[in-house]
Amino acid sequence: MRLRFYVISVMLLGGAHTLTADLLYSVTALPASPTVGAGINNVGQVTGFSSDQTFLYTNGQMQYLGTLGGRKSEGHGINDA
């Protein structure tokens, strides 16, 4: 069985003076399988892991960060910087 993991990004739109907000979202299939997206920031960058290495997914591009010197690595969180 082949699994596919998806990234769901959610953005709330609304000003400081409004009491309601519109909810917008998009679903993106990550290009590698098996892939686990574990963290997303406010600009839509995703980190996680695929096989034994960490990745950074930005603007439709998957960048593998390797194992960072160990046997395996996993990205679990990402900030806006």
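Thresholds applied
Residues numbered from 1 in each chain as written. Predicted model: local features only at pLDDT ≥ 70, side-chain atom pairs only at ≥ 80, totals over all residues. Heavy atoms only, no water. Helix = DSSP H or I, 4+ residues; strand = E, 2+ residues; numbered from the N terminus. Buried < 20%, exposed > 50% of the residue type's maximum accessible area, 1.4 Å probe, protein only. Contact = heavy atoms within 4.5 Å. Salt bridge = Lys/Arg side-chain N within 4 Å of Asp/Glu carboxyl O.

A. Layout of the overall build of the chain. Regarding its fold elements, the chain presents zero helices and six strands. Ordered by position from the N terminus, the helices and strands of the chain form the series β-β-β-β-β-β. In the chain, which comprises 81 residues, the share counted as buried stands at 23%. For the chain, the share of sequence-separated contacts (at least 6 apart) that also reach a separation of at least 24 residues comes to 33%.

B. Molecular detail of the pattern of salt bridges. A full pass over the atoms with the stated rule returns one salt bridge. Across the salt bridge formed by Glu74 and Lys72, the nearest N and O atoms sit 3.3 Å from each other.

Honestly, that's just the spatial picture; any functional story needs more than this.
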